[in-house]
Amino acid sequence: MSLALAPIDITVEIEANLPCRKFDPDLWFSDSPAQLELAKSLCGDCPLRVECLAGAVERSEPWGVWGGEIFERGAVVPRKRPRGRPRKVDVARDAELAVEVEERLAANGLDTRNSVRLAA
């Protein structure tokens, strides 16, 4: 009698190690800026981070954290602001973070001028 073995599906092993599969998925779609920053930090060591980000850019994801970046209305934003008028310090920090986002996208091979628009 011969036993047939099913082929090993390596994607199952990879998916088990993805942060978005280990933690509460709502964390990546939270309204809280602090929780979104936590989700971004968890994406840092993800083996599929670059592919995730590229797919989100291609699909113009309307919201959430994808590939370690925050998307809002289909655009990458440096950080999610709480409701209300932003402080001057926050506006200056947003300008610095926007530059950092563009540098990170460029480092991952994404053309920021043609494939991604940054929200103001």
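Residues numbered from 1 in each chain as written. Predicted model: local features only at pLDDT ≥ 70, side-chain atom pairs only at ≥ 80, totals over all residues. Heavy atoms only, no water.

The name given to the protein in an unreviewed UniProt entry is Transcriptional regulator WhiB, with the source organism recorded as Actinoplanes oblitus. Of the comments in the UniProt record for the protein, the one headed Function (unreviewed entry) reads "Acts as a transcriptional regulator. Probably redox-responsive. The apo- but not holo-form probably binds DNA." On record in UniProt, under Sequence similarities (unreviewed entry), the comment for the protein is "Belongs to the WhiB family." (UniProt positions renumbered as here; feature names shortened; annotations may be inferred.)

What follows deals with the environment of Phe 71. Looking at the element boundaries, Phe 71 is found in strand E2 (residues 69-72). For the pair formed by Phe 71 and Glu 61, sequence separation is 10 residues and the distance between their alpha carbons is 6.5 Å. (Helix = DSSP H or I, 4+ residues; strand = E, 2+ residues; numbered from the N terminus.)

Here we take up the sheet that holds strand E3 (residues 75-77). Pairing is antiparallel across the open sheet formed by three strands, whose spatial order is E1-E2-E3. The sheet terminates laterally at strand E1 (63-66) and E3, the two strands that pair on one side only. Taking the axes of each pair of neighbouring strands and ignoring which way they run, one obtains an average angle of 35 degrees across the sheet. (Pairing = 2+ DSSP bridges. Axes fitted to C-alpha atoms, helices over the stretch in contact; angles between N-to-C directions.)

Glancing now at helix H4 (residues 49-59). Leu 53, Gly 55, Ala 56 and Val 57 are the residues of H4 that are buried. Where H4 ends, the next residue or the one after it, Ser 60, has phi of about 50 degrees, a positive value. (Buried < 20%, exposed > 50% of the residue type's maximum accessible area, 1.4 Å probe, protein only.)

The next subject is the packing of aromatic side chains. Under the definition given, this model contains one aromatic pair. Seen from their ring centres, Phe 29 and Trp 66 are 5.9 Å apart, and the 75 degrees between their planes marks the pair as edge-to-face. Within this pair, whereas Phe 29 is found in the loop between helix H2 (19-22) and helix H3 (33-43), its partner Trp 66 is found in strand E1, the two being separated by 37 residues in sequence. Assessed through its relative accessible area of 37%, Phe 29 is described here as partly exposed. Here the basic side chain of Arg 59 rests over the ring of Trp 66, its NZ or CZ set 5.2 Å away from the ring centre. (Phe/Tyr/Trp six-rings, centres within 6.5 Å; stacked < 30°, edge-to-face > 60°. Lys NZ or Arg CZ within 6 Å of the ring centre and 35° of its normal.)

With nine residues, the main nonpolar core is built from Leu 53, Ala 56, Val 57, Trp 66, Phe 71, Val 76, Val 101, Leu 105 and Leu 110. Mapped onto this core, the elements with two or more residues apiece are H4 and helix H5 (88-107). For this core, the element with the highest residue contribution is H4, accounting for three residues. Of all hydrophobic cores here, the second largest spans eight residues; its members include Trp 28, Ala 39, Cys 43 and Val 65. (Core = buried A, V, L, I, M, F, W, Y, C linked by side-chain atoms within 4.5 Å.)

Evaluated as defined, the whole model comprises five salt bridges. Among the salt bridges present, the one from Arg 59 reaches Glu 61, with a minimum N-O distance of 2.6 Å. According to the relative accessible area criterion, Arg 59 is partly exposed, its value standing at 47%. For Glu 61, a relative accessible area of 14% puts it in the buried group. The shortest N-O distance in the salt bridge between Arg 104 and Glu 100 comes to 3.7 Å. Linking Arg 104 with Glu 100, this pair stays in helix H5, spanning four residues, or about one helical turn. A residue is classified by how much of its surface remains accessible, and Glu 100, at 35% relative accessible area, is partly exposed. (Salt bridge = Lys/Arg side-chain N within 4 Å of Asp/Glu carboxyl O.)

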